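What follows is the residue order along each chain.
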Amino acid sequence: MSVDTFSFAEAVRSRHSVRAFLPDPLSPAQIRSVLEDARMAPSNCNTQPWQIHIVSGQQRDLLSKNLLRAEAAGEVSGDFTFDQNEYFGPYAMRSSHQAKTRNDALGIARSDREARRVADRRNFEFYGAPHVAMLFAPVFGDGVRVGGDIGMYAQTFLLSLAARGLGGIPQTVLGLYADTVRDVLNVPDDLKLFFGISFGNEDRPSSDNSYRLGKVPPQENVITHDTPGLFDSHPAPDPA
Ligand SMILES: Cc1cc2nc3c(=O)[nH]c(=O)nc-3n(C[C@H](O)[C@H](O)[C@H](O)COP(=O)(O)O)c2cc1C
């Protein structure tokens, strides 16, 4: 089977956040194919507000260096807020479970703040990926519609990678240093940075890629209205 022929069910189930990559760059044709898929994403009124910066090679290294420096200096400059303390109830539980699962896989004790910081700083090395896509857009109103559009684009991008046997990870943390990214990539201030996606070939044996996070079954977050029998007796359909 060619890597380009994963079924939808295979692609959507094999996709996961990759946190260790091989350094080898993808070919221009591989990156172009992903971009040709991603551009088909839906958007409010077909505005297609995304502006994507693909960063590789020496520019990737420079961006990583400047992000590491900005993080160390505490020069946070996100265009949008992000506060994990706002998670509550099941959301806080899932967030904690995700962090614990990763720390356990990496052998990091909860009390070991320094080891956790080192692991988190891998974000700014793009987890070793040879490429990062920075997702910018203008903001209309409170920005929530554009945020939805960017999410549509990003998931299409990620599923295209998965369908081709490649790996990626969306990274809000990169967006917290928007001024640093704009500065290196020469992006005007009126384009806001939503997040980045590091991508390339997965380093499959890495312990940071050794775990998969569970997903809530639809019975737990789908409420039916006059749609009888959806979850009553039928087994979940075979994804293949
Ligand atoms: C918009 C978005 C931003 C994310 N930001 C980060 C990030 O900054 N760093 C990181 O390591 N993972 C990040 N993730 C990955 C999530 O932790 C991951 O999607 C989640 O734990 C579920 O795991 P899965 O992607 O393997 O299904 C982000 C995911 C999304 C959708």
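This one's a predicted model, so the numbers in the text were calculated from it and none came from an experiment.

Procedures and definitions
- Residues numbered from 1 in each chain as written.
- Predicted model: local features only at pLDDT ≥ 70, side-chain atom pairs only at ≥ 80, totals over all residues.
- Heavy atoms only, no water.
- Helix = DSSP H or I, 4+ residues; strand = E, 2+ residues; numbered from the N terminus.
- Polar contact = N/O pair within 3.5 Å; in protein donor to acceptor, adjacent residues only side chain to side chain.
- Contact = heavy atoms within 4.5 Å.
- UniProt positions renumbered as here; feature names shortened; annotations may be inferred.
- Phe/Tyr/Trp six-rings, centres within 6.5 Å; stacked < 30°, edge-to-face > 60°.
- Buried < 20%, exposed > 50% of the residue type's maximum accessible area, 1.4 Å probe, protein only.
- Pairing = 2+ DSSP bridges.
- Patch = residues over 30% accessible without salt bridge, like charges linked within 9 Å, V, L, I, M, F, W, Y side chains within 5 Å.
- Areas by Shrake-Rupley, 256 points an atom, 1.4 Å probe, with all protein chains shown as cover.
- Salt bridge = Lys/Arg side-chain N within 4 Å of Asp/Glu carboxyl O.

Engineer: I'm lost on the side chain of Ser-160 in this one. Help?
Structural biologist: With respect to the helices, strands and loops of the structure, Ser-160 is situated in helix 6 (residues 144-163). Of note is the side chain of Ser-160, whose polar atom sits 3.2 Å from the side chain of Arg-164. Once residues within four sequence positions are removed from consideration, Ser-160 is found in contact with Ser-33, Val-34 and Asp-37.

Engineer: Can you help me understand the UniProt feature "domain: Nitroreductase" (unreviewed entry) in the protein in this one?
Structural biologist: With numbering matched to this structure, UniProt assigns "domain: Nitroreductase" (unreviewed entry) to residues 12-200. Helix makes up 48% of residues 12-200 and strand makes up 14%, while its end C-alpha atoms are separated by 17 Å.

Engineer: Got a minute to help me understand the packing of aromatic side chains in this structure?
Structural biologist: Aromatic rings considered in pairs are described by the distance between their centres and by the relative angle of their planes. Summed over all chains, the structure comprises six aromatic pairs. Ring centres 4.8 Å apart and planes at 40 degrees place the aromatic pair Trp-50 and Tyr-153 in the tilted group. You can see Trp-50 sitting in the loop between helix 2 (28-38) and strand 1 (51-56) and its partner Tyr-153 sitting in helix 6, a full 103 residues away along the chain. Owing to a relative accessible area of 11%, Trp-50 belongs among the buried residues under this scheme. A relative accessible area of 4% places Tyr-153 in the buried class. Judged by centre distance (5.3 Å) and plane angle (90 degrees), the rings of Phe-88 and Tyr-91 are edge-to-face.

Engineer: Before we go on, may I ask you to explain the pairing of strand 2 (residues 131-137) in this structure?
Structural biologist: Across a regular strand the side chains alternate sides, sitting on one face of the sheet and then on the other. Of all seven residues in strand 2, seven are buried; the element is thus mostly enclosed. Along strand 2, one buried face is formed by His-131, Ala-133, Leu-135 and Ala-137 and the opposite face, lined by Val-132, Met-134 and Phe-136, is buried too. In the sheet, strand 2 pairs with strand 4 (residues 192-200) via seven bridges, with the strands oriented antiparallel. Within strand 4, the position partnered with Ala-137 by the bridge is Lys-192.

Engineer: What exactly am I supposed to notice about the pairing of strand 3 (residues 167-171) here?
Structural biologist: When you tally the buried positions in strand 3, you get four out of five residues, the bulk of the element. Inspection of the sheet shows strand 3 paired to strand 4 by five bridges, in the antiparallel sense. Note on strand 4: the bridge partner recorded for Gly-168 is Phe-199.

Engineer: Mind showing me how you'd approach a nonpolar patch on the surface here?
Structural biologist: A cluster of nonpolar residues, Phe-82, Tyr-87, Phe-88 and Tyr-91, forms a patch on the protein surface that exposes about 440 Å² of accessible area. In this structure, Phe-82 sits in the loop between helix 3 (57-73) and helix 4 (89-106). Among the residues examined, Phe-82 registers a relative accessible area of 39% and is labelled partly exposed.

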